[in-house]
Structure formats: C-alpha cells, structure tokens
Amino acid sequence: MRLRCAVLDDFQQVAKEAADWSSVAGEVDVVSFDAHLPDEDALAAALAGFDIVVTLRERVAFPGSLLARLPRLRLIVASGMRNSVIDYAAAEAHGVTVCGTASFSAPPVELTWALLLGLARGLVRESNGLREGGPWQQTVGADLHDRRLGLLGLGKIGSRVAQVGLAFGMRVSAWSQNLTRERADEVGVELAPSREELLRTADFVSVHLALGERTRGLLGPAELALLKPTAYLVNTSRAAVVDQDALLAALHEGRIAGAGVDVFDTEPLPAGHPMRTAPRLLATPHLGYVSQANYATYYGQAVEAIRSYLAGSPVRRLPAP
C-alpha cells in the first residue's frame, strides 16, 4: 500500500517545487495543505489518513492526545532541530519517529533589519502615501548612526544582528541571563549590566531569545515602561517573550515610538485580532524563516528524512542528543 504524506501550512503552495520529491514518488503520495488547521479536532480529521506529516517550525502542536487519534501516523518531519510543541514521549509510545532538518539563521537576521529599518524610516506610511497620492513626505526618519541598539540575546541570530548594527555605526549592547563579558567581547558589543539598564538606554531593542520558563513574559508592563518614548521594539523571536497585552497598551497609548513584530500569540492571526489594527506597529506574518534557501533545505531534507525512514535508518532524529 502506498504511503501518504501531509505537508502542513504550505501557504504559498511551494513545497513540491522547493525540493525534488522524485526519490520517494514511487512509494509516497504527497498532499499539501495551504490553509492552517486550527485545532486538534481539525488536525485529527484531516490527518487521519496519513502516514507521514511534514510540519513547519512550531506552528502545529502534536500533544499526546492528538497522536493517540492518529493511529496510522508513523513519521513527523519538523523543520529545524528544535521543536517544543511535539510530545516526544507520546510519539515514541505510539511508534511515531520524529526527525528534523537544518535551518539557516540568516533569514531571521535579515527580516529583523527589514522591520527595524522600516520602522525607523516610516517606509510603509511613506510608500503608501506616494502610491495613493498622499502628502509628499510625512515623517522624519530616526537615525541609526550613533544610536544604541539593545539586544536581548546574543546567540547565532543576535550576534549577526549585532554585526549589522555595528556596520551602521550603532552603539550595541546586549543582555541575557547567561551572557558573559567574554561572549560580548567576542562579538564586539557592550555587556549591559542588567535587563533594566538595557531597556532604559536603548533606542532600538531587538529580541533574540529562545522561549522557556525564564524568558516567557520577560518583557511585561513594568519592563516596557522602562523604554524611552522614542524607542522601537522588534521581536522576530517568540511572541510569548513579550507580554502581548502590555505591548498593545504601550502602542495605543504612544508610550513607545513603535514596534516591529513577526511572531504572535496565535498564528495565523484571527481576522479580528487587535495586532492587525494596532497603531505604531509594523507587522509581518511570521516570515522570519520564510526564504528560498530555508525552504529548499526544509523540504529537501524532509525528502531525505522520508527516504531514510523508508530504508530503516532515520536521520536527524528529535529530540537531538
């Protein structure tokens, strides 16, 4: 019997074009879903007839309760080598192998700067005004040179964001719970003495932290209140690092100059979600990882994972040791 593979959240309908699936075509039928399946009931109904699922990042959770409703499922391939929304113990108990793929850090770095520059120079407002016959020049851009960029997190992505900031002539500082002076010196940035000091002094704050118990809600009402009224906040990391209600309040009340956000508490955003209409917000629909190079890697290595699984030797098994 031929196997069936579901590719979830293929919004652009490019999964079959981004990689060569011919090596598994003799054994596997591939079906892509261009609409998000919003809850466990929808997932259980849609995936009941599938043996393999390819899922992007951490958008779709696979708890034990869902896995129990998918007795035919044998393989999950998740993009990236870290996924916090898959119940690995339940997967093992139900005989489901979980594999990952490589993922590049350059695309989220580039989107971070797209958001930051778009905010600083009012690009959306100015472009819309020009196209729609509005006023000629409406904003005065915020300078980057000699301004302070504060980074929450200095890992693979944060350190590359730092290098771009330094190239712009910015004064760059960083903070995280485990950040050392040696690491800051290695990247060529200042070590902020505290989270609070970084927030008080930065003109631009960018979040680059993994989500965990220590980082969930790290920027709440009290922390956002420390930002200058002229400061901008960018989050391309995880929505839950920033208290969403507190951020919306700061934007509506004009307590910060603006925010650039690529991640949300619910994805895709419901039609009436307040993030869709918040003032001073430049928002994108979680595009940080969405690039040609990443998609070629995600789907190319998904094919490799399927082929290896069929041969009895799964590659890049998760959780990674």
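Rules and cut-offs
- Residues numbered from 1 in each chain as written.
- Predicted model: local features only at pLDDT ≥ 70, side-chain atom pairs only at ≥ 80, totals over all residues.
- Heavy atoms only, no water.
- Helix = DSSP H or I, 4+ residues; strand = E, 2+ residues; numbered from the N terminus.
- Rg over C-alpha atoms; globule rule 2.2 N^0.38 Å.
- Contact = heavy atoms within 4.5 Å.
- Areas by Shrake-Rupley, 256 points an atom, 1.4 Å probe, with all protein chains shown as cover.
- Lys, Arg positive; Asp, Glu negative; His and termini not counted.
- Charge placed at Lys NZ, Arg CZ, Asp CG, Glu CD.
- Phe/Tyr/Trp six-rings, centres within 6.5 Å; stacked < 30°, edge-to-face > 60°.
- Buried < 20%, exposed > 50% of the residue type's maximum accessible area, 1.4 Å probe, protein only.
- Pairing = 2+ DSSP bridges.
- Axes fitted to C-alpha atoms, helices over the stretch in contact; angles between N-to-C directions.
- Salt bridge = Lys/Arg side-chain N within 4 Å of Asp/Glu carboxyl O.

Within the protein chain, the regular secondary structure consists of 12 helices and 12 strands. In terms of overall size, the protein chain behaves like a compact globule, its C-alpha atoms giving a radius of gyration of 21 Å where 321 residues would be expected to give roughly 20 Å. Dimensions of the protein chain, computed from the C-alpha atoms along their principal axes, are close to 65 × 50 × 35 Å. Long-range pairs, those at least 24 residues apart, make up 64% of the contacts in the protein chain between residues at least 6 apart in sequence. Accessible area for the protein chain stands at about 15,000 Å²; split by element, carbon and sulfur atoms hold 52% of it. Treating the 31 positive side-chain charges of the protein chain as one cloud and the 35 negative ones as another, the clouds have centres 2 Å apart.

Another aspect to go through is the packing of aromatic side chains. How two aromatic rings sit relative to each other is given by the distance of their centres and the angle of their planes. Scanning the entire structure with this criterion turns up 6 aromatic pairs. Note on Trp113 and Phe168: the rings are 5.4 Å apart at their centroids and 40° apart in plane angle, and the pair reads as tilted. Taken together, the positions of Trp113 in helix 5 (residues 106–120) and Phe168 in the loop between helix 7 (156–167) and strand 7 (171–175) put the pair 55 residues apart, joining distant regions of the chain. Judged by relative accessible area, Trp113 falls into the buried class, the value being 6%.

A separate point is the sheet that holds strand 3 (residues 52–55). Overall, parallel pairing links the 5 strands, which are arranged 2-1-3-4-5 in an open sheet. Two strands lie at the open edges of the sheet, namely strand 2 (28–32) and strand 5 (97–100), each paired on one side alone. Strand-to-strand twist across the sheet, computed as the mean angle between neighbouring axes with direction ignored, equals 20°. Bridge count between strand 4 (residues 75–78) and strand 5: 4 bridges; the pairing is parallel. From the neighbouring strand, Ala78 faces strand 5, where its bridge partner is Gly100. Helix-sheet contacts for helix 12 (residues 292–310) involve strand 1 (3–7), strand 2, strand 3, strand 4 and strand 5, and the interaxial angle to strand 4 is about 155°.

Here we come to the pattern of salt bridges. Using the criterion set out here, one finds 16 salt bridges in the structure. Note that Asp29 is salt-bridged to Arg2, the shortest N-O span being 2.8 Å. Of the two residues, Asp29 is situated in strand 2 and Arg2 in the segment before strand 1; the sequence distance between them amounts to 27 residues. Among the residues examined, Asp29 registers a relative accessible area of 34% and is labelled partly exposed. Looking at Arg2, the relative accessible area reads 35%, which means it is partly exposed.

Note on placement: Arg171 falls in strand 7. The exposure class of Arg171 is partly exposed, given its relative accessible area of 34%. When the C-alpha atoms of Arg171 and Ala202 are compared, they prove to be 9.2 Å apart, with 31 residues separating the residues in sequence. Filtering out sequence-adjacent residues up to four positions away, Arg171 remains in contact with Asp146, Arg147, Arg148 and Leu149.

Strand order across the open sheet formed by 7 strands is 8-7-6-9-10-11-12, with parallel pairing between neighbours. A strand with exactly one partner marks an edge of an open sheet, and here the two such strands are strand 8 (190–191) and strand 12 (281–283). In this structure, strand 9 (residues 204–207) lies alongside strand 10 (residues 232–235), joined through 4 bridges in parallel fashion. Residue pairing across strands places Val205 opposite Leu233, the latter belonging to strand 10. Most of the contacts of helix 5 go to strand 10, to which it runs at about 155°, and overall it touches strand 6 (148–152), strand 9, strand 10, strand 11 (258–261) and strand 12. Packed onto the sheet, helix 11 (residues 244–252) meets strand 10, strand 11 and strand 12 and runs at close to 140° relative to strand 11.

Interpretation note: all reported values are geometric properties and have no functional meaning in isolation.
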